Amino acid sequence: MTTYVISVPGTFTRAAGPATRAELTRALRPADPHHTQIGSEEDLDILSVNDDGTFTVRLTVDADTGPEAEREARRLAESALAAVGLDDGSAPLGPAVITGIDSGA
């Protein structure tokens with residue numbers, strides 16, 4: 001297994017205030033990239049939100065392959081969004097991409 005840091009972009013199509021963003025961050029916390037060397041070195045935030053409502057979720061995923069890691073990261077992001085009451089209509093996601101591979105060194 002390899003530890004990947006995956007970025008999943010998205011857009012809030014309705015207001016997602018500070019309380020919703022804080023809840024989302026808590027829901028994503030188990031996959032926080034700060035738990036990896038690359039995440040700490042690059043100071044990768046688990047959730048970044050831009051003024052225009054676009055956002056990026058960065059997650060740590062253990063997987064055998066890159067495509068498997070991307071699918072799992074998307075599943076985790078969708079699950080966290082659903083947990084705070086956001087569905088695909090209110091926070092559609094873009095394609096997951098590998099941001100880095102943790103060397104563990």
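Here the structure is a predicted model, which means the values were calculated and not measured.

## Structural notes on the overall build of the protein chain
When its secondary structure is counted, the protein chain shows 3 helices and 4 strands. For the protein chain, the succession of helices and strands along the chain, N to C, is β-α-α-β-β-α-β. Here the protein chain holds 105 residues, and 42% of them are scored as buried. The contacts of the protein chain with a sequence gap of at least 6 include a subset with a gap of at least 24, amounting to 73%. For the protein chain, the computed accessible surface area is about 5500 Å², with 49% contributed by carbon and sulfur atoms.

## A look at the confidence of the model for the protein chain
With 86% of its residues at a pLDDT of at least 70, the protein chain reaches an overall mean of 88. Put simply, helix α2 (residues 37–41) is where the protein chain has its lowest mean pLDDT, 63, and helix α3 (residues 66–83) is where it has its highest, 96.

## Considering the sheet that holds strand β2 (residues 47–49)
Taken together, the 4 strands give an open sheet; going across it, the order is β2-β3-β1-β4, and neighbouring strands pair in antiparallel fashion. Both outer strands of the open sheet, β2 and β4 (97–101), are each paired with one neighbouring strand and no more. Along the sheet, successive strands turn relative to each other by an average axial angle of 25 degrees, direction set aside. Here strand β1 (residues 2–11) runs beside β4; their pairing, made up of 4 bridges, is antiparallel. Bridged to S7 within β4 is V97. The strands touched by α3 within the sheet are β1, β3 (54–63) and β4, with β3 carrying the most contacts at an inclination of about 125 degrees.

## A few points about the nonpolar core
Counting residues in each nonpolar core, the largest one holds 25 residues, and the members touching the most others are I6, V8, F12, L24 and L59. At the level of secondary structure, the elements contributing two or more residues to this core comprise β1, α1 (18–28), β3 and α3. Beyond its immediate sequence surroundings of up to four residues, L59 is in contact with Y4, V5, I6, L28, A31, I46, A73, L76 and A77.

## Topic: the side chain of S7
Mapped onto the elements of the fold, S7 is located in strand β1. Here S7 falls in the buried class, since its relative accessible area comes to 10%. In this structure, S7 is in contact with T56, V57, R58, P95, A96, V97 and T99, ignoring residues within four places of it in sequence.

## Some remarks on the pairing of β1
Of the pairings in the sheet, the one linking β1 to β3 comprises 10 bridges and is antiparallel in character. If you follow Y4 over to β3, its bridge partner there is V61.

## Details of α3
End to end, α3 covers 26 Å across 18 residues, agreeing with the expected 26 Å (1.5 Å per residue, within 8%). Residues of α3 that are buried: G66, A69, A73, A77, A80 and L81. Down the axis of α3, the buried side of the element spans an arc of 105 degrees, and every buried residue falls inside it. The exposed set on the far side of α3, more than 90 degrees from its buried face, consists of R71, A82 and A83. Of the residues flanking the start of α3, the one acting as N-cap is T65, its side-chain oxygen 3.2 Å from the backbone nitrogen of E68. Just downstream of α3 lies G85, where phi reads positive at about 85 degrees.

The rules behind the values
- Residues numbered from 1 in each chain as written.
- Predicted model: local features only at pLDDT ≥ 70, side-chain atom pairs only at ≥ 80, totals over all residues.
- Heavy atoms only, no water.
- Helix = DSSP H or I, 4+ residues; strand = E, 2+ residues; numbered from the N terminus.
- Buried < 20%, exposed > 50% of the residue type's maximum accessible area, 1.4 Å probe, protein only.
- Contact = heavy atoms within 4.5 Å.
- Areas by Shrake-Rupley, 256 points an atom, 1.4 Å probe, with all protein chains shown as cover.
- pLDDT = per-residue confidence, 0-100.
- Pairing = 2+ DSSP bridges.
- Axes fitted to C-alpha atoms, helices over the stretch in contact; angles between N-to-C directions.
- Core = buried A, V, L, I, M, F, W, Y, C linked by side-chain atoms within 4.5 Å.
- Expected span 1.5 Å × (residues − 1).
- Arc of directions from axis to C-beta.
- Polar contact = N/O pair within 3.5 Å; in protein donor to acceptor, adjacent residues only side chain to side chain.

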